[in-house]
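Here is what each chain is made of, one letter per residue.
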Amino acid sequence: MFFRLLSAVRRQRPGQGWQNRSSGRSGASAAEAHSVALPAQAQVVICGGGIMGTSVAYHLSKMGWKDIVLLEQGRLAAGSTRFCAGILSTARHLTIEQKMADYSNKLYHQLEQETGIQTEPLLSSLLRRMPDLETLEILKLVNCPETFTPDMRCIMGESPSVRGYFVLAGMNSAGLSFGGGAGRYLAEWMVHGSPSENIWELDLKRFGALQSSRTFLRHRVMEVMPLLYDLKVPRWDFQTGRQLRTSPLYDRLDAQGARWMEKHGFERPKYFVPPDKDLLALEQSKTFYKPDWFEIVESEVKCCKEAVCVIDMSSFTKFEITSTGDQALEVLQYLFSNDLDVPVGHIVHTGMLNQGGGYENDCSVARLSKRSFFMISPTDQQVHCWAWLKKHMPEDSNLLLEDVTWKYTALNLIGPRAVDVLSELSYAPMTPDHFPSLFCKEMSVGYANGIRVMSMTHTGEPGFMLYIPIEYALHVYNEVMSVGQKYGIRNAGYYALRSLRIEKFFAFWGQDLNTLTTPLECGRESRVKLEKGMDFIGRDALLQQKQNGVYKRLTMFILDDHDTDLDLWPWWGEPIYRNGQYAGKTTSSAYSYTLERHVCLGFVHNFSEDTGEEQVVTADFINRGEYEIDIAGHRFQAKAKLYPVTSLFTHKRRKEDVELSDLHGK
């Protein structure tokens, strides 16, 4: 598959960069321009001859591409990275950044062997060769443009709007560290259709048009630059560029003590501060230990378990796919792994897979009619999912894809009394006999008609999702809160949601699932219908994996000897050890107020002790191991589970009544 980078072509001019320098060459003047003949066409055109452009060209040639044109308006290697010589660090916050930096470091030593160029990236190496440099004075301060991004991570990938146009930019002063690895992954993307690693955290499609405002960028970048070298505690938030996308209920919730976090520009409530709490102290609390909001979230979780809570989840991405005939069903059957040919009103949890069987998206789809479907996806899927659907859907005037995220406010009613609240507001029976699990129906709630009510909560707890046309949002919310008073209703936030979903072993896309994770590796075989009567993207890869076995398995870990009050907390990315050997890393974690233990999710691998190669992971391999989770150098014993254990307990049982050791291996 050959892609083409589209760009305006300019005549190359040697010699002049950001600062005037003499070339030191005799003969022709350095300022004398000369023409360079450009080919009429090329397999790829790369614009920019700095470290990124040259790295992409180098790796494309290594992968067999020959027809490569590299354009540079000044001279090669005149990018901003030339002022950052020696700034090469492999200590990075993100795993993918660590891999890019590590590869770059090795590549530079390899280039020395290939070309004879001396590449000593570290200042210490330079000082060993030239000790007198330590006594030199700084005679010139270089001030040059540099690129920074709104989230301190570089931008990589194919444009969602222009097919075959790839971007690699925004290095945040880490061009030397990332140059080799970033160029490699982008080249793989161009040649093979996808990179060899999960690069979602760097993907261009994590941004939308909303982040392109000049005012937003100016304010955010001023905040980003000092944060590059700041200590980042778990769950910190940017302070600039906020309140850009909000629910119609934002002011109402804010007045009730909502504390906010931002996802894809959308404000989402973390938790609600009671009137008697010190708001300023909570806002300034920064720690890797037990956070100050612990008891607040505990009370919200307890309410979800015993009464009813409301969580505003309007930020979720929402699409409608409709057609005049059977086109919508046929396209979705090809794009999704589960069977969407279900009766009207039913909801299907399904993955949207790539050719390797990995998750491009994890979503829920409700069939509204024979020819209409309502698709719910994670918040940060808005651009990525839209681009994937448009890329694979045929150009058919009878097939319509519409982004309706902004049209609906979503309220999540969680808890055993949610059925009472909704029954009273709708004058309709909402018991499981009349409204079964994973069912969708348009109903009246209060005075408002056309509310899409779904019997699911994304937590495993009983309750309903309400998708409300935005003009009815405030009315429905007020009615729910008013009627719910007698049932103990209260607001809750995403921290409570996180605790509930992790203790139920619910994996989330972007945290636990990614483009290299298959349903068979995370226990979601039931969401794959290999024999649904037609082919779907990723089916062949899953069939092969089903025959050969999986090489990693998502596992639930319950920390056994961890002191919540005194020990450092697990947040994500902690090493997992099986029988004393490294076996993987955690992907997400939360404190379970039900189990009164910390719960982590993570992938377990089976690395050969002799060669380090990955081997097949079976359920027996998981169950026979003794596990530890490493938190900042201290290992804590953990029980491994392939299925959730919370169903074995009621929320009223205390820790002393729970013998987790008796559950091991069940």
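Residues numbered from 1 in each chain as written. Predicted model: local features only at pLDDT ≥ 70, side-chain atom pairs only at ≥ 80, totals over all residues. Heavy atoms only, no water.

**Here we look at the packing of aromatic side chains**
The criterion, for reference: When the centres of two rings from Phe, Tyr and Trp lie within 6.5 Å, Trp using its six-membered ring, the rings pair. Their planes under 30 degrees apart give stacked, over 60 give edge-to-face, and anything left gives tilted. Each residue's exposure class comes from its accessible area (1.4 Å probe, protein chains only) as a fraction of the maximum for that residue type: buried when under 20%, exposed when over 50%, partly exposed otherwise. A ring is considered to have a charge above it if a Lys NZ or an Arg CZ atom is located within 6 Å of its centre and within 35 degrees of its normal.
Within the structure shown, the criterion is met by 22 aromatic pairs. With centroids separated by 5.5 Å and ring planes inclined at 90°, the aromatic side chains of Phe435 and Phe439 adopt a geometry described as edge-to-face. On the basis of relative accessible area, Phe435 is assigned to the buried category, the value being 5%. Measuring from ring centre to ring centre gives 6.2 Å for Tyr577 and Tyr582, while their planes differ by 75°; the resulting arrangement is edge-to-face. Look at Tyr577 and you get buried, because its relative accessible area is 15%. By relative accessible area, which is 39% here, Tyr582 ends up partly exposed. Aromatic ring contacts, followed pair by pair, group Tyr271, Trp293, Phe294, Tyr495, Trp569, Trp571, Tyr591 and Tyr593 into a single cluster. Of note, Lys290 hangs over the ring of Phe294, and the distance from its end group to the ring centre comes to 4.4 Å. Arg635 extends its terminal NZ or CZ atom over the ring of Tyr577, reaching a point 3.5 Å from the ring centre.

**Focus: the packing of helix 1 (residues 51–62) against helix 2 (residues 95–115)**
Quick note on the threshold: Orientation is described by axes fitted as lines to C-alpha atoms, over the contacting stretch for helices, and by angles from 0 to 180 degrees between their N-to-C directions. Each helix is a run of H or I in the DSSP string that is no shorter than four residues. Each strand is a run of E no shorter than two, and both are numbered from the N terminus. In these notes the angle categories are as follows: under 35 degrees is roughly parallel, over 145 is roughly antiparallel, 65 to 115 is roughly perpendicular, and the rest is oblique. The contact definition used throughout considers only heavy atoms, calling two residues in contact when any of these lie within 4.5 Å. Amino acid classes used here: Ala, Val, Leu, Ile, Met, Phe, Trp, Tyr, Cys and Pro are nonpolar; Asp, Glu, Lys and Arg are charged; the rest, including Gly, are polar.
The contact between helix 1 and helix 2 brings their axes to 14 Å, and the two run at 70°. Overall, the two elements helix 1 and helix 2 adopt an arrangement that is roughly perpendicular. Counting all contacts with helix 1, which are made through Ile51, Tyr58, His59 and Lys62, the residues of helix 2 involved are Tyr103, Leu107, Tyr108, Gln110, Leu111 and Glu114. Its residues assigned to classes, the contact of helix 1 with helix 2 comprises six nonpolar, two polar and two charged.

**A word on the sheet that holds strand 9 (residues 347–353)**
The test is simple: Any two strands between which DSSP finds at least two bridges are classified as paired.
Taken in spatial order, the five strands make up an open sheet running 9-10-11-8-12, and their pairing is antiparallel. Strand pairing shows two members of the sheet lacking a second neighbour, strand 9 and strand 12 (399–403), which therefore form its edges. Ignoring which end each strand starts from, the neighbouring axes of this sheet average 25° apart. Note: strand 8 (residues 317–323) against strand 11 (residues 372–377), six bridges, orientation antiparallel. Across the sheet, the residue bridging to Thr317 is Ser377, located in strand 11. The strands touched by helix 10 (residues 382–392) are strand 8, strand 9, strand 10 (359–369), strand 11 and strand 12; relative to strand 12, the strand with the most contacts, the crossing angle is about 170°.

**Description of the side chain of Arg501**
Selection rule: What qualifies as a polar contact is a pair of N or O atoms within 3.5 Å, subject to a donor-acceptor requirement within protein and to the restriction that residues adjacent in sequence count only when both atoms come from side chains.
Mapped onto the fold, Arg501 is located in helix 13 (residues 494–503). Residue class for Arg501 comes out buried when judged on its relative accessible area of 1%. Polar side-chain contacts of Arg501 include one of 2.8 Å to the side chain of Asp512. Setting aside residues no more than four positions away along its own chain, Arg501 makes contact with His458, Thr459, Phe506, Ala507, Phe508, Gln511, Asp512, Ser588 and Leu601.

**Thoughts on the side chain of Arg245**
Applied cut-off: Only four residue types enter the charge count, namely Lys and Arg as positive and Asp and Glu as negative; His and the chain termini do not. The rule for a salt bridge is simple: a side-chain nitrogen of Lys or Arg has to be within 4 Å of a carboxyl oxygen of Asp or Glu.
Of note, Arg245 is situated in the loop between helix 5 (214–227) and helix 6 (250–255). Look at Arg245: it is buried, it has no salt bridge, and the nearest opposite charge is Asp403 at 6.6 Å. If sequence neighbours within four positions are ignored, Arg245 has contacts with Leu210, His264, Gly265, Phe266, Glu267, Gln382 and Thr405.

**Some words on the pattern of salt bridges**
One pass over the structure, following the stated rule, counts 31 salt bridges. For Asp237, the salt bridge identified is with Lys270, shortest N-O distance 3.3 Å. Here Asp237 is found in the loop between helix 5 and helix 6, whereas its partner Lys270 is found in strand 6 (residues 266–272), with 33 residues between them in sequence. The class for Lys270 is buried, based on a relative accessible area of 10%. Here Asp341 and Arg367 are joined by a salt bridge, their closest N and O atoms 3.1 Å apart. In this pair, Asp341 is assigned in the loop between helix 9 (327–335) and strand 9 and Arg367 in strand 10, connecting sequence segments 26 residues apart.

**Considering the pairing of strand 1 (residues 44–47)**
We apply this condition: The crossover handedness rule: strands pointing away from the viewer, path from first strand over the helix to second strand clockwise, crossover right-handed.
Relative to strand 2 (residues 68–71), strand 1 runs parallel, the two sharing four bridges. Directly across from Val45, in strand 2, lies its bridge partner Val69. Taking the sense of rotation as the criterion, the β-α-β connection linking strand 1, helix 1 and strand 2 turns out right-handed.

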